[in-house]
Amino acid sequence: EEGKEHTMQRNVKRMFGIGGLLVACAGLVGCGSGQAQSWTFKDDEGSTRNMSHYQGQVLVLSFTNTWCDPCQETARELQALQDRFRGRGVKVMAVSAWERGNPDAYMQDHGYNYGIMTNGTAIARDYDVDEIPTFFVVGVDGNIISRYDGFSPNTSSKIAKSVEKHLKKVAKNPEKYRTIVQHGG
C-alpha cells in the first residue's frame, strides 16, 4: 500500500508538471519509514564499501550524474554540505546513475571531495529514484529520515535542517544511539 502511495505521488507530480519541484515526503516508502536499502560499491581506491560501513554516521545520498544541469548545481551544494558538516559524523555521497560521462574526472576537475559511487543505476532503482537529482538523508541507525526529489535553490538548506535535527536528536538521546555511533564513529 505504501508503494502505491509513492507511485501516486510521482504520478500527481507528473500530471501537474512539477517534477522539478522539491518535494519532501512524509510516511511514504523510503521516506522516514524504515531502513535504507543496503548497497555495495568499490570506491576510487578499489576498496569495497557497503551501507554498514557508514553506520553510525548521518548519510546524505544524492542520486545524480554529470550531464544533468540541476545535478551540476547540486554538486556545488553537496560540497558546501560536506564542508559544513566535516568532523560531525556526516558523510555526503553522490550516487552516479544513468551516467554518460566520467564522474570521477568531473569530481576531480571541479575540486569536489565528497564521496561518489559510480555505476549507481541499480542502487537508484532500489531506492525507487526515477528523476535526478534525488536526495536521501539516512540517520545514524540506517533509517531514512527524509527524501527530496528535484532541486531548487533551497534544497541544500532543507537537507542541512534535516541533518541538524537528526544530530540534535542523537545528542539528546545518547543511550539510544551509543552502540551505533561508537560503531560508525
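Scroll up a little and you will see the structure.
Values in this document were obtained by computation on a predicted structure and should not be read as measured data.

A. Inspection of the overall build of the chain at higher detail. On a plain count of helices and strands, the chain comes out with six helices and eight strands. Secondary structure elements of the chain occur, N-terminal to C-terminal, as α-β-β-β-β-α-β-α-β-α-β-β-α-α. Taking all 185 residues of the chain together, 48% fall into the buried category. Considering only intrachain contacts with a sequence separation of at least 6, the fraction spanning at least 24 residues in the chain is 65%. Only carbon and sulfur atoms are counted for the fraction: they give 49% of the accessible area of the chain, which is about 9,600 Å².

B. Region of the structure containing the nonpolar core. Tyr114, Ile159 and Val163 are the most contacted members of the largest nonpolar core, which has 25 residues in total. At the level of elements, strand E4 (58-64), helix H2 (69-85), strand E5 (90-96), helix H3 (103-110), strand E7 (134-138) and helix H5 (155-172) are the ones that each hand at least two residues to this core. Top element by residues in this core is H5. It accounts for five residues. Excluding residues that lie within four positions of it along the chain, Tyr114 makes contacts with Ala75, Leu78, Gln79, Gln82, Val92, Ala94 and Met107.

C. Molecular detail of H3. Those residues of H3 that fall on the buried side of the exposure criterion are Pro103, Tyr106 and Met107. Buried residues of H3, viewed axially, fall in a sector of 100 degrees; they line one side. Away from its buried face by more than 90 degrees, H3 exposes Gln108 and Asp109. Packed against the buried residues of H3 are H2, E5 and strand E6 (115-117). In this structure Asn102 caps H3, since a side-chain oxygen of it lies 3.1 Å from the backbone nitrogen of Asp104.

D. Up close: the pairing of E7. Burial analysis of E7 places five of its five residues in the buried class, which makes it a mostly covered element. Alternating positions in E7 separate into two faces, Thr134, Phe136 and Val138 on one and Phe135 and Val137 on the other, with burial throughout. Where E7 and strand E8 (residues 144-149) come together, five bridges link them in antiparallel fashion. Across the sheet, Phe135 pairs through a bridge with Tyr148, a residue of E8.

E. Representation of H5. Compared with the 26 Å implied by 1.5 Å per residue over 18 residues, the 26 Å span of H5 between its first and last C-alpha is a close match. Along H5, the positions that sit buried rather than exposed are Thr155, Ser156, Ile159, Ala160, Ser162, Val163, Glu164, His166, Leu167 and Val170.

F. Up close: the environment of Gln57. Here Gln57 shows up in the loop between strand E3 (48-50) and E4. Residue Gln57 is classed as buried on the basis of its relative accessible area, which comes to 17%. Along the sequence, Gln57 and Gly89 sit 32 residues apart, while their C-alpha atoms lie 4.9 Å from each other.

So, how was this worked out
Residues numbered from 1 in each chain as written. Predicted model: local features only at pLDDT ≥ 70, side-chain atom pairs only at ≥ 80, totals over all residues. Heavy atoms only, no water. Helix = DSSP H or I, 4+ residues; strand = E, 2+ residues; numbered from the N terminus. Buried < 20%, exposed > 50% of the residue type's maximum accessible area, 1.4 Å probe, protein only. Contact = heavy atoms within 4.5 Å. Areas by Shrake-Rupley, 256 points an atom, 1.4 Å probe, with all protein chains shown as cover. Core = buried A, V, L, I, M, F, W, Y, C linked by side-chain atoms within 4.5 Å. Arc of directions from axis to C-beta. Polar contact = N/O pair within 3.5 Å; in protein donor to acceptor, adjacent residues only side chain to side chain. Pairing = 2+ DSSP bridges. Expected span 1.5 Å × (residues − 1).

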